[in-house]
Amino acid sequence: VQLVESGGGLVQPGGSLRLSCAASGFTFSMYDMRWYRQAPGKGRELVASISSFGGSINYADSVKGRFTISRDNAKNTVDLQMNSLKPEDTAVYYCNALYARQYWGQGTQVTVSS
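Conventions we followed
- Every residue gets a number counted from 1 within its own chain, in the order that chain's sequence is written.
- In view of the model being predicted, local features appear only for residues whose pLDDT reaches at least 70, and side-chain atom pairs are presented and counted only at 80 or more, with totals across whole chains, interfaces and linings using the full set of residues.
- As a rule here, side-chain values cover all heavy atoms of the structure and leave hydrogens and water aside.
- Strands are runs of DSSP state E lasting at least two residues, helices are runs of H or I lasting at least four, and both sets are numbered from the N terminus onward.
- This radius of gyration counts C-alpha atoms alone. The globule rule is 2.2 Å times how many residues there are, raised to the power 0.38.
- For every residue, the accessible area (1.4 Å probe, protein chains only) is compared with the maximum for its type, and the residue is labelled buried under 20%, exposed over 50%, or partly exposed between those bounds.
- In the analysis that follows, any N or O atom pair within 3.5 Å is treated as a polar contact, provided that within protein one partner can donate a hydrogen and the other can accept it, and provided that, for residues neighboring in sequence, both atoms belong to side chains.
- Pairing between strands is defined by DSSP: at least two bridges between them are needed.
- Grouping buried Ala, Val, Leu, Ile, Met, Phe, Trp, Tyr and Cys residues that are joined through side-chain atoms within 4.5 Å yields what is termed a nonpolar core.
- What makes two residues a contact is simply this: any of their non-hydrogen atoms within 4.5 Å.
- The axes used here are C-alpha line fits, helices contributing only the stretch in contact, and every angle between their N-to-C directions lies in the interval 0 to 180 degrees.
- Only a pair of cysteine sulfur atoms within 2.5 Å qualifies as a disulfide here.

*Asks:* Just checking my understanding: could you explain the overall build of the protein for this structure?
*Replies:* On a plain count of helices and strands, the protein comes out with zero helices and 11 strands. Taken from the N to the C terminus, the helices and strands of the protein come in the order β-β-β-β-β-β-β-β-β-β-β. Computed over C-alpha atoms, the radius of gyration of the protein comes to 13 Å, within 12% of the 13 Å expected from 2.2 N^0.38 for 114 residues, which places it in the range of a compact globule. On the principal axes, the C-alpha backbone points of the protein span a range of 40 × 25 × 25 Å. Across the 114 residues in the protein, those meeting the buried criterion constitute 43%.

*Asks:* For this particular structure, what's the right way to read the environment of asparagine 96?
*Replies:* Checked against the element boundaries, asparagine 96 lands in strand E9 (residues 91-98). We classify asparagine 96 as buried; its relative accessible area is 0%. In this structure the side chain of asparagine 96 is engaged in a polar contact, spanning 3.4 Å, whose partner is the backbone oxygen of tyrosine 103.

*Asks:* Honestly, the pairing of strand E8 (residues 77-82) in this entry has me stumped. Any pointers?
*Replies:* Along a regular strand, successive side chains alternate from one face of the sheet to the other. Of all six residues making up E8, six are buried, and the element is well covered by its neighbours. Burial of the side chains of E8 extends over both faces: Thr77, Asp79 and Gln81 are buried on one face and Val78, Leu80 and Met82 on the other. Bridge count between strand E3 (residues 17-24) and E8: six bridges; the pairing is antiparallel. By the bridge assignment for E8, leucine 17 is matched with methionine 82. In this sheet, E8 lies alongside strand E7 (residues 67-72) in antiparallel orientation, the contact comprising six bridges.

*Asks:* Quick question: what am I supposed to make of the nonpolar core here?
*Replies:* Nonpolar side chains in soluble globular proteins tend to be buried together. Among the nonpolar cores identified, the biggest contains 29 residues, and Leu3, Met33, Trp35, Val78, Leu80, Met82 and Tyr93 are the most heavily contacted of them. Of all elements in the fold, only E3, strand E4 (32-38), strand E5 (44-50), E7, E8, E9 and strand E11 (108-112) reach the threshold of two or more residues within this core. When sequence neighbours within four positions are dropped, the list of residues in contact with tyrosine 93 reads Glu5, Leu19, Trp35, Tyr36, Arg37, Val47, Phe67, Leu80, Met82, Gly107, Thr108 and Val110.

*Asks:* I keep staring at the sheet that holds E3 and nothing clicks. Help me out?
*Replies:* If you walk across this open sheet you meet the four strands as E1-E3-E8-E7, and the pairing is antiparallel. The open sheet has two edge strands with one neighbour each: strand E1 (2-6) and E7. Neighbouring strand axes in the sheet, compared pairwise and without regard to direction, differ in orientation by 15° on average.

*Asks:* Honestly, the state of the cysteines in this entry has me stumped. Any pointers?
*Replies:* The bond known as a disulfide is covalent and runs between the sulfur atoms of two cysteines. Applying the stated criterion across every chain yields a total of one disulfide. Between the sulfur of cysteine 21 and that of cysteine 95 lies a disulfide, 2.1 Å long from S to S. Taking the torsion about the sulfur-sulfur bond, which here is approximately -80°, the covalent link between cysteine 21 and cysteine 95 counts as left-handed. A residue pair is termed long-range when its members are at least 10 positions apart, and cysteine 21 in strand E3 and cysteine 95 in strand E9 qualify at 74 residues. There is no split in this pair, since cysteine 21 and cysteine 95 are both buried.

*Asks:* Sorry, what's going on with the pairing of E7 here?
*Replies:* Residues of E7 alternate between two faces, with Phe67, Ile69 and Arg71 buried on one and Thr68, Ser70 and Asp72 left unburied on the opposite face. In sequence, E7 turns back onto E8 through a hairpin of four residues, with asparagine 76 there showing a positive phi of about 60°.

Don't take any of this as a statement about function, it's just geometry.
Okay, here's the thing in structure tokens:
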């Protein structure tokens, strides 16, 4: 089982980034997919979630209207489009799969700074 995140980096406030998570080793279409983040010195926070076939999507209040989660069950990928980024969005972002079991990616760093 693998979840591999990509797309993190350094961006200025107000900028955009698109994170992607590539899944393998399990039946991706059966799993709810989530993005979490963890800022330095803080706990892990659920940012966005999408149900197995995309019918249910939820966001943390802190990112509503700025972030969009999407998935492609044919490609076994889940993306997080992040717009209007703020310094407080700085964190390590993790991909998570949840159904019968739970799987985590290794994380990708997002830094929002001028």
